[in-house]
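The primary structure of each chain is shown beneath.
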Amino acid sequence: MQYITFDEKRPMDLVLLGRVAVDFNPVDYFHPLAECTTFKKYVGGSPANIAVGVSRHGLKAGFFARVSDDQFGDFVTDFFKKEGIDVTKIRRCEHGEKIGLTFTEILSPTESSILMYRNCIADLQLDPADIDEEYIKNTKAILISGTSLAASPSREAALKAVMLAKKNGTVIIFDIDYRPYNWVSEDEISIYYSLVAKESDIIMGSREEFNLTERLIEEGRSDEESAAAWHKEQAKIVIIKHGKEGSTAYTNDGNRYSIKPFPVTALKSFGGGDGYGSGFLYGLFEGWEMIDCLEFGSAEAAMMVASHSCSEDLPGPDEVHAFIKESKEKYGEMIARA
Ligand SMILES: Nc1ncnc2c1ncn2[C@@H]1O[C@H](COP(=O)(O)OP(=O)(O)O)[C@@H](O)[C@H]1O
Ligand SMILES: O=C(O)C[C@@H](O)[C@H](O)C(=O)COP(=O)(O)O
């Protein structure tokens, strides 16, 4: 059953909009961040990680972003180029704004957190003038990262991209992707998240992220109630994630598909969402059945929580298929299918 129809005549597959950042993950992990002395630098930022992930699966990706006009801006742009991501719509900030830095604390395989430096942040300088209608016309889908809605002018740039996608029949994917930094109030979160969610064909987020989105609409919804409400808008697929408990995709024909996490020896508790998004969207573009898209995303997510980075370690399709095969041989064919 195909829930999303992509215009196969369009040369680009997925254009993402949001933050490109730099992750510093400790090499001497399993210690408090204050005690760590050695870090490995990676490209970071959830939408940037997904761009890398889908590119490694062979999709043609582009990106609307602002990055700092310094060596870190060079680093992330050069990395994207090496990954085959189109960087023609990535622009440099003009007033000294800085790229986001994320320092991660990995206390144990189940206790990790991220410390984000986002003052005077470059990615929120994305401007409506940066959003090119021809670029949106030429891609099958756009992915809006919720954090891009946290402040102007990025907020208006994201809303313009959504409007142009609607106008030109480009599929809209909303990755709610909540990060507390830069938001002024929970009212603003609900206002802007719900504005984009109402226009989106696919919405992905954790239960907490849906609660933030729905706070000014109706509080206390169950997953089923959330999905039904967004199906009344434009959503064909609503994915609600519950961390290690797994996730469920609710489709607008009334079906639901649940998937559990693959067993893995985790190194950190983050990075799963980016792997999940990369793998799921790859399956969708390949025209797979919904449960197969979810299984692939769940497998890639598991691989990423077991990895040191959230970008460089993103796998290609063969690696994910091999991981799934190995897991099924070890734990049984239905290991992840709820
Ligand atoms: N410890 C884990 N082991 C295996 N898979 C995991 C683990 N933690 C998360 N995942 C996978 O990553 C997916 C996304 O994780 P989640 O925390 O829900 O989202 P996000 O990382 O975006 O906050 C989960 O649905 C699950 O499939
Ligand atoms: O999202 C960020 O800006 C930091 C990311 O680079 C980091 O990899 C991360 O937190 C991933 O988050 P998740 O995949 O949503 O768990």
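The shown structure was predicted, so the numbers you read here are calculated from the model rather than taken from an experiment.

**Student:** Lay out the sheet that holds strand 7 (residues 111-117) with the relevant residues and their values.
**Tutor:** Strand order in the open sheet formed by four strands is 3-2-6-7, with mixed pairing between adjacent strands. Both outer strands of the open sheet, strand 3 (39-44) and strand 7, are each paired with one neighbouring strand and no more. Geometrically, the sheet is characterised by an average inter-axis angle of 25 degrees between neighbouring strands, direction not taken into account. Of the pairings in the sheet, the one linking strand 2 (residues 21-26) to strand 6 (residues 100-108) comprises four bridges and is parallel in character. Note on strand 6: the bridge partner recorded for Val 22 is Leu 101.

**Student:** Let's hear about the pairing of strand 8 (residues 139-145): which residues, and what values?
**Tutor:** Where burial is concerned, most of strand 8 is hidden: seven out of the seven residues are buried. Alignment of strand 1 (residues 12-17) against strand 8, held across five bridges, turns out to be parallel. Within the sheet, the bridge partner assigned to Val 15 lies in strand 8 and is Ile 142. As defined by bridge partners, strand 8 adjoins strand 9 (residues 171-175) across five bridges and the pair is classed as parallel. Bridge pairing in strand 9 places Ile 142 opposite Ile 172. Handedness of the crossover joining strand 8 and strand 9 through helix 4 (residues 154-168) is recorded here as right-handed.

**Student:** Go over the site of ligand 2 with me, naming the residues and quoting the values.
**Tutor:** Neighbouring ligand 2 are 15 residues; Gly 44, Phe 270, Gly 273, Asp 274 and Cys 310 lie closest to it. Those elements that provide at least two residues to the shell around ligand 2 are strand 2, helix 1 (46-56) and helix 8 (272-286). By residue number, the principal contributor to the shell around ligand 2 is helix 8, which donates three residues. In terms of residue class, the shell around ligand 2 is made up of four nonpolar, eight polar and three charged.

**Student:** Please provide a residue-by-residue account of the site of ligand 1, values included.
**Tutor:** Taken together, 18 residues surround ligand 1, and among them Lys 241, Pro 261, Gly 272, Gly 273 and Ala 301 come closest. Elements that contribute at least two residues to the shell around ligand 1 include exactly helix 8 and helix 9 (290-305). With four residues, the top contributor of residues to the shell around ligand 1 is helix 9. Across the shell around ligand 1, the residue classes tally to nine nonpolar, seven polar and two charged.

About the criteria used
- Residues numbered from 1 in each chain as written.
- Chains lettered and ligands numbered in written order.
- Predicted model: local features only at pLDDT ≥ 70, side-chain atom pairs only at ≥ 80, totals over all residues.
- Pairing = 2+ DSSP bridges.
- Helix = DSSP H or I, 4+ residues; strand = E, 2+ residues; numbered from the N terminus.
- Axes fitted to C-alpha atoms, helices over the stretch in contact; angles between N-to-C directions.
- Buried ≥ 20, exposed ≤ 12 C-beta atoms within 10 Å, placed from the backbone.
- Right-handed = clockwise from strand over helix to strand, strands pointing away.
- Near = placed C-beta within 6 Å.
- Nonpolar A, V, L, I, M, F, W, Y, C, P; charged D, E, K, R; others polar.

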